[in-house]
Structure formats: structure tokens, C-alpha cells
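Residues per chain are reported as follows:
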Amino acid sequence: MKYTVVLARDARKELDLLSKQNFIRVARKIDELEEDPRPPGCVKLKGNDGDMWRVRAGDYRILYVIEDVLRIVDIRKIGHRRDVYKR
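Residues numbered from 1 in each chain as written. Predicted model: local features only at pLDDT ≥ 70, side-chain atom pairs only at ≥ 80, totals over all residues. Heavy atoms only, no water.

### Considerations on the nonpolar core
Taken as a class, soluble globular proteins show a tendency for nonpolar side chains to be buried jointly.
Inference 1: The biggest cluster of nonpolar side chains holds 20 residues, and the ones touching the most others in it are Val-26, Ile-30, Ile-62, Tyr-64, Ile-75 and Ile-78.
Inference 2: Taken together, the elements giving at least two residues each to this core come down to strand S1 (4-7), helix H1 (9-17), helix H2 (20-35), strand S3 (52-57), strand S4 (60-67) and strand S5 (72-80).
Inference 3: In terms of residues, this core owes the most to one element, S4, which gives four residues.
Inference 4: What Ile-30 contacts, discounting residues up to four positions off in sequence, is Val-5, Leu-15, Ile-62, Ile-75 and Ile-78.
Inference 5: Ranked by size, the runner-up nonpolar core spans five residues in total, among them Met-52, Leu-63, Val-65 and Val-84. (Core = buried A, V, L, I, M, F, W, Y, C linked by side-chain atoms within 4.5 Å. Buried < 20%, exposed > 50% of the residue type's maximum accessible area, 1.4 Å probe, protein only. Helix = DSSP H or I, 4+ residues; strand = E, 2+ residues; numbered from the N terminus. Contact = heavy atoms within 4.5 Å.)

Spelled out as C-alpha cells, the structure:
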């Protein structure tokens, strides 16, 4: 059964700013999260509010929260690997 992917406003803005090649790469990863929110290579992050997960898309990272009961993947942040973890 598929999960619903929801993008936060900040994540949507960051996605719109990506180059075409990076946009396609990140969009494919987001589509894959609908089928499997915990794909091979995903990592559960420590020290965050709730259960934050990370998946790689080239040099970009997608940070998200999984709500299994509601079957929702809530994408909180998308960014370059050097900037995405900064507050």
C-alpha cells in the first residue's frame, strides 16, 4: 500500500531552486518514497524532534518523517549535503 508524500513549504521552495538535473534526481527519490519510505541506504537521524530520516539523492539530502499509522511521508527539508543539517 502506498504512502502519501507531503512536502513542507521550505522543502518545496528548495526543490524549485534546483537545477534541472538535480530536480529530476531528487524527484525520482521522492517518488520512490511513496512505495518504500525506508529504502536501502536510508538513515535514521539522531538528536532530532521525532523520527527524522535521511535519504541521499546525489549531493542532495532529503530529510523526512514517516507516519506509519497515517501512511504519510512528511518531507521537511531538501538541501545540499553541506547545508542541509545546519539550523
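That was the structure; now back to the text.
### A word on the sheet that holds S3
Inference 1: On the basis of which strands lie adjacent, the open sheet formed by five strands has the order S1-S5-S4-S3-S2 and mixed pairing. Edge positions in the sheet fall to S1 and strand S2 (43-44), since each has one partner strand and no second.
Inference 2: As defined by bridge partners, S4 adjoins S5 across eight bridges and the pair is classed as antiparallel. Within S5, the residue paired with Glu-67 across the bridge is Ile-72.
Inference 3: Docked against the sheet, H2 engages S1, S3, S4 and S5, running at close to 20 degrees with respect to S4. (Pairing = 2+ DSSP bridges. Axes fitted to C-alpha atoms, helices over the stretch in contact; angles between N-to-C directions.)

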